[in-house]
Every structure is written in structure tokens, then in C-alpha cells.
Amino acid sequence: MTPQTPRHIAIVMDGNGRWATRRYMPRIAGHWQGVEALRRTVRACTDRGVSALTVFAFSSENWSRPQDEVSGLMKLLAETLTREVPGLDKNGVRIVFAGDRGGLSERVLQGLTRAEQTTASNTKLTLTVAFNYGGRWDMVNACRQLVSNGMSADQISEAALAAVSALAHVGDPDLIIRTGGEQRLSNFLLWHAAYAELFFTDRLWPEFDASDLDAAITAFAGRERRFGGVGVLANDRTSQGSEPVARAA
Ligand code: FPP
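Just so we're clear, the structure is a prediction, and the values are computed from it rather than from any experiment.

**Digging into the pairing of strand β2 (residues 52-59)**
Here is step 1: The element β2 is largely enclosed, with a buried count of seven among its eight residues.
Here is step 2: Looking at chain direction, strand β1 (residues 8-12) and β2 are connected through five bridges and run parallel. Residue I9 lies in a different strand from β2, and its bridge partner there is L53.
Here is step 3: By the bridge criterion, seven bridges tie β2 to strand β4 (residues 125-133) in an arrangement that is parallel. Counted as the bridge partner of S59 is Y133 from β4.

What follows is the structure, given as C-alpha cells:
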């Protein structure tokens, strides 16, 4: 890892449907191809010394897609976990899920719990899969936790909220990449994106490879991060809560 390498990269993996449609294939084929891009990206991140990768795999809003696409994505997650977890585990990848577990089927829940347990002690890369995740859900859920922990209004702080948020285990991303040409966050990591550098590319997610990751990292390295102040060193990763925080009891 060079000093300019982001510690934590987050990705909105967009463009799977268009990739498939342009090839006269069903949209779900694009999502399966997206798994290949994710595998390439995990390897490229570990090779480059990135220690955390967070990907948006299924949003709180994705339930409104056609029923066959939703069930196809659930099947894809369950089957991908069965197939990929042993290899990820062997390569030191820890898997963590972020999102609302309510509403997920028993099969999906079992798969994600097993993946988390199997890989819990790995330290090379933390792969956080945002699944049934929304940034607004995350903030509401964090507030609920603070209240149920008995916290009073004057005890609530940014650090307290971050500590019960879905990314407490990895902290804020330094760089957020969105593929597929749109330039918006779409309810991804609203709290944690506060000081992230944003990188948008027209590449569709199934096409994304190590050279695209390098282009994003190069752009990141050229940015001056000021965190609202002046004179902060470019890419000072210790600023503004970008480090993981301990979860509140
Ligand atoms: C957005 O593309 C992509 C998704 C909603 C799903 C992304 C999921 C994966 C890549 C699989 C990840 C798998 C695991 C196991 C974590 P889109 O359908 O919105 O594409 P479009 O904009 O071209 O329609």
C-alpha cells in the first residue's frame, strides 16, 4: 500500500441490467457476471493493500424490482456464498453483512451468518456486503439502538451514532466508486460518505477490472482532502472518524 492508497473503498455496483440487456440476456445474467467483477475487485484490493471494501449488493428499495429479479438476487447471494466463502476464507477475507436482516429468508440468513462466522478471524481485507441496506435505514436503526441502550439526548454524539451504525466495524470509506454512469449515492452510506472522495465511471459493473480500480485510486491520490478545514495533509486517513469505532455495548 502506498501512502495514497485508500484504506477503505466502497462501491455502488451499477450497470448489471444494462450489461445483460445489451447482450439480449435476462437482467439476472448481468448480476451473475457482476459476481465475477466482484471477485476480480476483491483480489485487486488485497493485492493493493486496501484493508476494507464495502459493496452495495441489494438496497432497501430493490424489493420494488420484478419478483423474478428479486428472487434471482436472493438465490445468487445464497449460491455465491456457498461457492465463494472457502476461497475468500483461505485468502484472509472477513465477510460482514450490513443491512436490515428482517424480511430475509431463512436460507439467506443462514448463508450470511455462516459466512460471517467462518471468516470472523480474518484480517487481510474486510468485505462488507450491504444487503437490504439503505443509508436512511442505517441512521434510523442507529437512533433506535441509542434509545434502546438508554442514551439520553445530551449523551448522543457523532461518535455514539457512528458506533452503532452498520459500518462501525470498518469506519468511513475514503473513496466511493459508482459504476454505470449515474452520479448519485442512491441512499448508500449517507452518514459515512460525509468526507469520502467520489469517483464515477461509465463502465458497467460486470466490465469493471483492476485497471478501473487503479484509475479510481489514481484519481483519489490526486485529491486534496481538507475535511472542512485547511492544511490537512492529502489523504490523511486518520481524520474525521474514518477509522473503525468500537460498537457501543
Ligand atoms: C445494480 O445494477 C446492481 C444490483 C442491484 C445488484 C448487484 C449485485 C451483485 C453485483 C452481486 C453481488 C453478489 C454478492 C454475493 C455480494 P442494476 O441492476 O441497477 O443495473 P442497471 O442500472 O443497468 O439496470
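Still to come is the rest of the account.
**Description of the layout of surface pockets**
Here is step 1: Estimates place the volume of the largest pocket at around 800 Å³.
Here is step 2: Forming the boundary of the largest pocket are 37 residues, of which M13, N16, F56, A57 and F58 lie nearest the centre.
Here is step 3: Counting only elements with at least two residues in the lining of the largest pocket, the list comes to α1 (16-21), α2 (27-48), β2, α3 (67-90), β3 (93-98) and β4.
Here is step 4: Of the residues belonging to the lining of the largest pocket, the class tally is 20 nonpolar, nine polar and eight charged.

**Observations regarding the pattern of salt bridges**
Here is step 1: Considering all chains together, one arrives at 17 salt bridges under this definition.
Here is step 2: A salt bridge links E84 to R83; its shortest N-O distance comes to 3.2 Å.
Here is step 3: A salt bridge links R203 to D212; its shortest N-O distance comes to 3.0 Å.

**Observations concerning the site of the ligand**
Here is step 1: Taken together, 19 residues lie around the ligand, and D14, G17, R18, R27 and R65 are the ones closest in.
Here is step 2: Side-chain polar atom of D14 to an oxygen atom of the ligand: 2.9 Å apart, as the coordinates give it.
Here is step 3: R27 has a polar side-chain atom sitting 2.8 Å from an oxygen atom of the ligand.
Here is step 4: When isolated, the ligand has an accessible area of 630 Å², and the protein chains bury 90% of it.
Here is step 5: Placement of the ligand is best described as lying within the largest pocket.
Here is step 6: Elements with a contribution of two residues or more to the shell around the ligand: α1, α2 and α3.

Rules used in this analysis
- Each chain has its residues counted from 1, following the order in which its sequence is written.
- Reporting of local features is limited, given that this is a predicted model, to residues whose pLDDT is at least 70; pairs of side-chain atoms are given and counted only at 80 or more, and all residues count toward the totals for whole chains, interfaces and linings.
- Think of the side-chain values as coming from all heavy atoms in the structure, minus any hydrogens and water.
- Think of it in three bands: residues with accessible area under 20% of the maximum for their type are buried, residues over 50% are exposed, and the middle band is partly exposed, with areas taken using a 1.4 Å probe on protein chains only.
- Counting from the N terminus, the helices are DSSP H or I runs at least four residues long and the strands are E runs at least two residues long.
- Strand pairing is assigned whenever DSSP identifies at least 2 bridges connecting the two strands.
- The way it works is a 1 Å grid over only the protein atoms, where trapped points that fit a 1.4 Å probe form a cavity and open points with protein on both sides within 12 Å along at least five of seven lines form a pocket, and then any residue with an atom within 4 Å of a point lines it.
- Grid points are joined across faces, edges and corners, and a volume is the space filled by probe spheres set on the points.
- Residue classes follow a fixed rule: Ala, Val, Leu, Ile, Met, Phe, Trp, Tyr, Cys and Pro count as nonpolar, while Asp, Glu, Lys and Arg count as charged, and any other residue, Gly among them, counts as polar.
- A side-chain nitrogen of Lys or Arg and a carboxyl oxygen of Asp or Glu constitute a salt bridge if their distance falls within 4 Å.
- By convention in these notes, a residue is near a molecule or strand provided one of its non-hydrogen atoms lies within 4 Å of it.
- We call two N or O atoms a polar contact when they sit within 3.5 Å, provided that within protein one can donate a hydrogen and the other can accept it, with sequence-adjacent residues counted only if both atoms are side-chain atoms.
- Shrake-Rupley sampling with a 1.4 Å probe provides the accessible areas, and residues are treated as covered by the protein chains on show and by no other component.
- Each molecule is assigned to a cavity or pocket provided more than half of its atoms lie within 2 Å of the corresponding grid points.

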